[in-house]
Amino acid sequence: MRLPADQIVEIADRMRAYALIAIYNANSGHPGGSLSAMDLIAALYFDKLKHDPSNPGWPDRDRFFLSKAHACPALYAALASTGYCSVEDMMSFRELHSRFQGHPDMRRLNGVEFSGGSLGQGLGVAVGSALAGKIKGQDYNVFCLMGDGEQQEGSIWEAAMSASNFGLDNLIGIIDRNHLQIDGSTEDVMKLEELSSKYKSFGWNVIEIDGHNMEKILCAYEKAIAFKGKPSVIIAQTIKGKNVSFMENNHKWHSTAPDYDQLSAALSELQQKKSDLEKYIRRPFPAGYYPNTDHGSSLYKWNSHDTMRVEMATTRQAFGRILAKTNDLAILKLSADSCNSIFGTEFENFDFSKKKGVINFGIAEQNMTNVAGGLAKEGFIPFIGSYGIFACGRNWDQLRSSVCLPNFNVKIAGVGGLTVGKDGASHQALEEIFLTTCLPNMKVVVPCDSFETGKATQEAINAEGPLYIRLGKSKIPIVTKSETKFVLGKANIIRFRKAQKMFSDSFDTFLSEDYESENESLAIFACGIMVAEAMLAAYVLKSEWGIETRIVNMHTIKPLDKKIVVRSAQEIEHVIVAEEHQSGGLGNLVAAEILKAGNLRTKSFFIVGVNDEFGQSGSPETLVKHYKLNAEEIVKRAKISLNL
């Protein structure tokens, strides 16, 4: 498809409108970087890219890899505008089962070449694709669009080195140089310049342009395609939030959805007739966890009655609150360009550009972890944070070798699980218990609410050696109290007594070592958000069938409270493990202790968890229901076990 430059400019602004409407509808997404990259992507799809929407798998097509995958609304707008899908379909962005996930998934949508989300990986995959073309003698080019903050990932430079080494002149890198990342200016967070000199030193042909001048963009693509002997990189100077005045050059629009009035103003500035686009605009539901989600019976609805009411809070904010208040000069807060995502609102007013409160390593989780090890070696207590899959997955080798092997006093916070919501599979770590408990010396804590998180964070400060704490992103029910005891390595026993006005007042809580059996019929071992679901299930089982349930809050996964596991199996015949995780993270550990003890009363054993699959985009409440991680599923399992 070849169009004149001025017509592509008009299409790019139309695509900007589509992207902003999709983000508004989802009430989440990344507008700033989508708008800055739109001209670059429009130029590819409407002029330079060899592609065929009617034959997405055409072997000789050019390949486009979106390494800065959070800007996928720009890619989706291009695919919708060129016929891979309809604009109407695109408006299901970030909904459960949508082909338009919060980060692109090549398994779901034709035209997507790369399932992205973990920054720094796209260029390496693009190198592999370009190398395959050389080996097979195919005549296609590979284009890889990267963010500028993404250049802080070491994997980018490993890929850049290999591309030059293999002489991949069919590879064209594009850097969206908008100078902003989540926590502010790239040059304040982690200096990048001189990018041009760096790529030249790695053996690349470098082209620098104004990334919003369509004639220069098209010319740069032509030069890069024609250049032989080396890979080429186009460093495009862009403006984050381009063509929407209140979004331009404002890092706060990295991942903030516009409200209705802001969307209307943006469409006007883009010179798009709102009447032409009204059919695509939907009214989004407010973000949050458990907004009276319908699980069937009204018994399963939070805050649907005058009794058993809960307040909501995020665990990450409680974590940040404790760290913000500490005066211990030995404690250091380390972030990988995710300060507000990990440390919570207590840090929102800090001046990250001056490194106040947090040492920011940019988008470089592996380096952050190694540096934390060095700081711990010299007597500091570093707290490092990122999304869970990056905090313990991307840098697992660093955790193993630089933290756990020397038993350094490093604390790791990971925001994971389905409460991450609409960002989708790439950001929803459901494997953290597997990844962390297997590491010698590592302690692992999965708190159930904000009160418990605050206590766990304080315990982490005092505990020796490495410790991983799993946090959530969305608000969840507060089911414990400020006075509830918390001891690292000791589970809590929770027993339903009588329905009260407040949910937490309806239960008694004991340290496991202080609890005496009440001859319950069912034991539920749970951690994280599943503790609240287990408590709700216990309430329903008692109210509907008179079943007494022992809830074992396994907030500490490692060291596991083995005594209460074995004791419960000796005293109770039916066991359920409930975890917001791949099935078996907690369940396998509990089952192993039961089997090792032998001669127990256990007649049935069920695990309620995610069954060997990745997550997907959707609101936390719809995901919890979809993956059957709720009280209703626990009750169903209990009824099967107890023949009810």
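All of the points below concern the structure found in this document.

## Some words on helix H20 (residues 562-571)
Among the residues making up H20, those that are buried are Ile564, Val565, Val566, Ser568 and Ala569. Each element contacted by the buried residues of H20 is listed here: strand S16 (492-496), strand S18 (522-526), strand S19 (549-553) and helix H21 (587-597).

## Some points on helix H5 (residues 122-136)
The end-to-end C-alpha distance of H5, which contains 15 residues, comes to 21 Å, matching closely the 21 Å that a straight helix rising 1.5 Å per residue would cover. Looking at H5, one finds that the buried residues are Gly122, Leu123, Ala126, Val127, Ser129, Ala130 and Gly133. Down the axis, H5 shows its buried residues gathered within 165 degrees of arc, on one side only. Along H5, exposed side chains directed more than 90 degrees from the buried face belong to Ile135 and Lys136. Buried residues in H5 make contact with strand S1 (63-66), strand S2 (142-147), helix H6 (154-165), strand S3 (171-177) and helix H8 (195-201). Looking at the residues trailing H5, positive phi occurs at Gly137, about 70 degrees.

## Here's the deal with the packing of helix H1 (residues 5-26) against helix H2 (residues 31-48)
As a packed pair, H1 and H2 sit with axes 9 Å apart at the nearest point and diverge in direction by 135 degrees. In terms of their interaxial angle, H1 and H2 are classed as oblique. Here H1 runs over H2; the crossing is right-handed. The residues of H2 that touch H1, namely those facing Ile8, Ile11, Ala12, Met15, Arg16, Ala19, Leu20 and Ile23, are Pro31, Leu35, Met38, Asp39, Ile41, Ala42, Ala43, Phe46 and Asp47. Here the contact of H1 with H2 is built from residues that sort into 14 nonpolar, no polar and 3 charged.

## What about the sheet that holds strand S11 (residues 381-387)?
Read across the sheet, 7 strands follow the order S10-S9-S11-S12-S14-S13-S20 without closing on themselves; strand pairing throughout is mixed. A single partner strand is all that each edge strand has here, and the edge strands are strand S10 (359-360) and strand S20 (556-558). Two strands pair when backbone bridges link them, and strand S13 (residues 443-445) and strand S14 (residues 467-471) are joined in this way by 3 bridges, in the parallel orientation. When the sheet's bridge partners are listed, Val445 is paired in S14 with Ile469. Packing against the sheet, helix H12 (residues 315-325) makes contact with strand S9 (331-335), S11, strand S12 (411-415) and S14, and its axis sits at approximately 135 degrees to S14.

## A look at the packing of H20 against H21
Relative to each other, H20 and H21 sit at 65 degrees, their axes nearing to 9 Å. Seen from above, H20 lies across H21 with right-handed handedness. On the side of H20, the interface is formed by Lys562, Val565, Val566 and Ala569, while H21 contributes Val590, Glu593, Ile594 and Ala597. Classifying every residue of the contact of H20 with H21 by side-chain character gives 6 nonpolar, no polar and 2 charged.

## Section: the pattern of salt bridges
Counting across every chain of the model gives 38 salt bridges. Residue Lys48 is joined to Glu222 by a salt bridge in which the shortest nitrogen-to-oxygen separation is 3.3 Å. One end of the pair, Lys48, is in helix H2; the other, Glu222, is in helix H9 (residues 214-226), with 174 residues separating them in the sequence. Judged by its relative accessible area of 10%, Lys48 is buried. On the accessibility criterion, Glu222 (46% relative accessible area) is partly exposed. With a closest N to O distance of 3.0 Å, Arg177 and Glu193 form a salt bridge. One end of the pair, Arg177, is in strand S3; the other, Glu193, is in the loop between helix H7 (186-189) and H8, and 16 residues separate them in sequence. Residue Glu193 is classed as partly exposed on the basis of its relative accessible area of 36%.

## A closer look at the state of the cysteines
One pass over the full model with this rule turns up 0 disulfides. For the unlinked cysteine Cys144, the closest cysteine sulfur is that of Cys72, found at 15 Å. Of all cysteine sulfurs in the structure, the one in Cys448 sits closest to Cys527, which takes part in no disulfide; the separation is 9.8 Å. Cys527 sits in the buried class, given a relative accessible area of 3%.

## As for the sheet that holds S2
Taken together, 5 strands build an open sheet; the order of strands is S1-S2-S3-S7-S6 and the sheet is parallel. In the strand order of this sheet, the two ends are held by S1 and strand S6 (205-210), each with one partner. Each adjacent strand pair in this sheet contributes to an overall mean axis angle of 20 degrees, direction not counted. Contacts from H9 reach S2, S3, S6 and strand S7 (232-237) within the one sheet, and its direction differs from that of S6 by about 170 degrees.

## Looking at the packing of aromatic side chains
As enumerated under the stated definition, the model contains 18 aromatic pairs in all. On the basis of an interplanar angle of 55 degrees and a centroid distance of 6.1 Å, the ring pair of Phe65 and Phe114 is categorised as tilted. Taken together, the positions of Phe65 in strand S1 and Phe114 in the loop between helix H4 (87-90) and H5 put the pair 49 residues apart, joining distant regions of the chain. Take Phe65 and Phe114: they sit in the same class, and that class is buried. Measuring from ring centre to ring centre gives 6.5 Å for Tyr387 and Phe390, while their planes differ by 80 degrees; the resulting arrangement is edge-to-face. Take Tyr387 and Phe390: they sit in the same class, and that class is buried. Clustering of aromatic rings is evident, with ring pairs tying together Trp302, Phe496, Phe503, Phe507 and Tyr539. Against the face of Tyr140 rests Arg63, its NZ or CZ located 3.8 Å from the ring centre.

## Quick word on the side chain of Arg177
Judged by relative accessible area, which is 0%, Arg177 ranks as buried. There is a polar contact of 3.0 Å between the side chain of Arg177 and the side chain of Thr186. At 3.0 Å, the side chain of Arg177 forms a polar contact with the side chain of Glu193. If we ignore the near neighbours within four places in the chain, the residues touching Arg177 are Asp148, Thr186, Glu187, Leu192, Glu193, Leu195, Ile235, Ala236, Gln237 and Thr238.

## Concerning the environment of Ser450
Its location among the elements puts Ser450 in helix H18 (residues 450-462). Between the C-alpha atoms of Ser450 and Ile478, which are 28 residues apart in sequence, the distance is 6.5 Å. Other than its neighbours up to four places away in sequence, Ser450 contacts Ala313, Thr314, Thr315, Ala318 and Ile478.

## Focus: the nonpolar core
Judged by nonpolar contacts, the single largest core of 69 residues is most densely connected at Met15, Ile41, Tyr45, Phe64 and Tyr221. The element that contributes the greatest number of residues to this core is H1, accounting for 14 residues. Each residue touching Phe64, except ones within four places of it in the same chain, is listed here: Ile41, Leu44, Tyr45, Leu49, Leu75, Glu113, Phe143 and Leu145. In this structure, Val310, Ile476, Ile576 and Leu642 belong to the second largest nonpolar core, which totals 43 residues.

Rules and cut-offs
Residues numbered from 1 in each chain as written. Predicted model: local features only at pLDDT ≥ 70, side-chain atom pairs only at ≥ 80, totals over all residues. Heavy atoms only, no water. Buried < 20%, exposed > 50% of the residue type's maximum accessible area, 1.4 Å probe, protein only. Helix = DSSP H or I, 4+ residues; strand = E, 2+ residues; numbered from the N terminus. Contact = heavy atoms within 4.5 Å. Expected span 1.5 Å × (residues − 1). Arc of directions from axis to C-beta. Axes fitted to C-alpha atoms, helices over the stretch in contact; angles between N-to-C directions. Parallel < 35°, antiparallel > 145°, perpendicular 65-115°, else oblique. Left-handed = near helix turned anticlockwise from the far one by under 90°. Nonpolar A, V, L, I, M, F, W, Y, C, P; charged D, E, K, R; others polar. Pairing = 2+ DSSP bridges. Salt bridge = Lys/Arg side-chain N within 4 Å of Asp/Glu carboxyl O. Disulfide = S-S within 2.5 Å. Phe/Tyr/Trp six-rings, centres within 6.5 Å; stacked < 30°, edge-to-face > 60°. Lys NZ or Arg CZ within 6 Å of the ring centre and 35° of its normal. Polar contact = N/O pair within 3.5 Å; in protein donor to acceptor, adjacent residues only side chain to side chain. Core = buried A, V, L, I, M, F, W, Y, C linked by side-chain atoms within 4.5 Å.

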